[in-house]
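An overview of the molecular structure
These are the residues of each chain, in order.
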Amino acid sequence: MGVERVQTLANGELNELPAQFIRPAHERPENTEAIEGLTVPVISLSQPHDVLVKEVSRACSEWGFCLITDHGIPESLIQRLQMVGQEFFKLPQKEKEAYANDPSNGKFEGYGTKMTKNHDDKVEWLDYFFHLMSPPSKVNYSFWPQKPSSYRETTEEYNKEILRVTDELLQLLSEGMGLEGNVLKSHLGGEDIEVEMKINMYPPCPQPQLVLGVEPHTDMSAITILVPNDVPGLHVWKDEKWVAVNYLPNALLVHIGDQVEILSNGKYKSVLHRSIVNKDRMRMSWAVFCAPPHEALIGPVPALVDDQNPEKYSTKTFAEYRFRKFNKLPQ
Ligand SMILES: O=C(O)CCC(=O)C(=O)O
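About the criteria used
Residues numbered from 1 in each chain as written. Predicted model: local features only at pLDDT ≥ 70, side-chain atom pairs only at ≥ 80, totals over all residues. Near = placed C-beta within 6 Å. Helix = DSSP H or I, 4+ residues; strand = E, 2+ residues; numbered from the N terminus. Nonpolar A, V, L, I, M, F, W, Y, C, P; charged D, E, K, R; others polar. Expected span 1.5 Å × (residues − 1). Contact = placed C-beta atoms within 7 Å. Pairing = 2+ DSSP bridges. Axes fitted to C-alpha atoms, helices over the stretch in contact; angles between N-to-C directions. UniProt positions renumbered as here; feature names shortened; annotations may be inferred.

**Remarks on the site of the ligand**
Every residue near the ligand is listed here: Lys198, Asn200, Val214, Leu226, Pro228, Leu234, His273, Ser275, Ser285 and Ala287. Broken down by secondary-structure element, the contributors of at least two residues to the shell around the ligand are strand E5 (194-202), strand E6 (223-228), strand E10 (273-275) and strand E11 (283-291). Of the residues contributing to the shell around the ligand, the split by class is five nonpolar, four polar and one charged.

**With respect to helix H2 (residues 49-62)**
With 14 residues, H2 extends 20 Å between its outermost C-alpha atoms, agreeing within 8% with the 20 Å of an ideal straight helix rising 1.5 Å per residue. Check the buried side of H2 and you find it contacts strand E1 (42-44), strand E2 (65-69), helix H5 (151-176) and strand E9 (252-256). In the segment just after H2, glycine 64 is the residue with positive phi, at about 70 degrees.

**Focus: the sheet that holds E5**
Strand order in this open sheet of eight strands is E1-E2-E9-E6-E11-E5-E4-E3, and the pairing throughout is mixed. Both edges of this open sheet fall to E1 and strand E3 (110-112), since each of them pairs with a single strand only. Averaged over all neighbouring strand pairs, the angle between strand axes comes to 25 degrees, with direction disregarded. Looking at chain direction, E6 and E9 are connected through four bridges and run antiparallel. The residue bridging isoleucine 225 from the neighbouring strand is valine 254, located in E9.

**Section: the UniProt feature "domain: Fe2OG dioxygenase" (unreviewed entry) in the chain**
The positions that UniProt labels "domain: Fe2OG dioxygenase" (unreviewed entry) are, in the present scheme, residues 192-292. The span residues 192-292 shows a helical share of 6% and a strand share of 41%, and its end C-alpha atoms are spaced 7 Å apart.

**Comments concerning the sheet that holds strand E7 (residues 234-238)**
Taken together, three strands build an open sheet; the order of strands is E8-E7-E10 and the sheet is antiparallel. Taken across any chain shown, the strands that pair with only one partner, and hence form the sheet edges, are strand E8 (241-244) and E10. Averaged over all pairs of adjacent strands, the angle between their axes in this sheet comes to 35 degrees, without regard to strand direction. Relative to E10, E7 runs antiparallel, the two sharing three bridges.

Here you go:
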C-alpha cells in the first residue's frame, strides 16, 4: 500500500483528525503559544559592510535567525519559484506519486510525507518535495519535477541567486568572528558546497491547534534560506519561548544550522524552530539547505580555539554527523 498523503487526507471529508497527527498536550500549539511583543531581527543587506558584519553576527549569536531584505533576488524570480512549486502540488496524485521518495531505503530525493519510525511518533501535517540543487556535477535532474516544464529553469536561476547570497552571509559571519571572509565557506567545501531544495506544502487543517507542521528541530545544514507564502506559521525558539515570525513580503528567512554553530565553536546558534498550520489556508515554504559535502570534516575552526576557548564540539565528517542525527545518537 502506498503512503497516505496529507494533501489527500485534507481533501477528503475530515471532521476529526486521525490519531497519528494529534500531538501530546505539551507539544500542541494551543498549549505552547508564541509570545506576544517580540519580533525577530530584520536586516537590510543594503547597509555598509561594517554595519552588516555587526548586525548579522549579533542576530546569529542571539537568535540564530534573521530576516534579510534588499538581498537582490528579484521579486519576480521568487514569484516564479513559488508558482512552479504550487503547480507541482496541483498535479493529479498519480503523477506526483511517480516521484515518491523512500527514505528508509536511502532514497531521500523526491515527493514525501514523513513516516513514523516508532509507534508513539506523530506525523507532521505536510507533504514535501526534496532534491539536490547544486553542485551541478552531483545533481540528478531526473529527480526534479518535470512539470511544469519551467520548473528546472526557474529553480536553476534561483540556485544561482542563493549561492550569491550564501557567499555574502558566510563572509559576514566569518568576519563577525574576526576571521578572513573566506574561512567558513572553505570549511564547508568551497565550490563543492551542497544546496538542497525542500518545498513544504501544509494543507488546511480542521484542528490546527492539535498538530504541528514540522516538529521542533534544528537544521543539520550550515545555513538555511527560506521563503514562505503569505500564510504565517514559522516559530523560532528564543529564551525558552516560541516567537512567531511574521510574514514580510520578499524577505529571506535565514536560519543558522548545526554546522555553522559547530564551526563557530558555539558563537552562532543553530536555531530551534517549528511550524504550525492554518485552518483555512494552505501554507507553503521553500527551504534551501546549504551544507558541506558528506566527506567534509567539520569541527570548531582551529583559529577560534585556545586554552581559554576549548573546543565545545567534536570534529567528524558531515556524513557521520548526519547518520548520528538521523538515528538520534549523541554527537
Ligand atoms: O515551513 C517552515 O517555515 C519551516 C520548514 C522547516 O523547518 C523545514 O522544512 O525543515
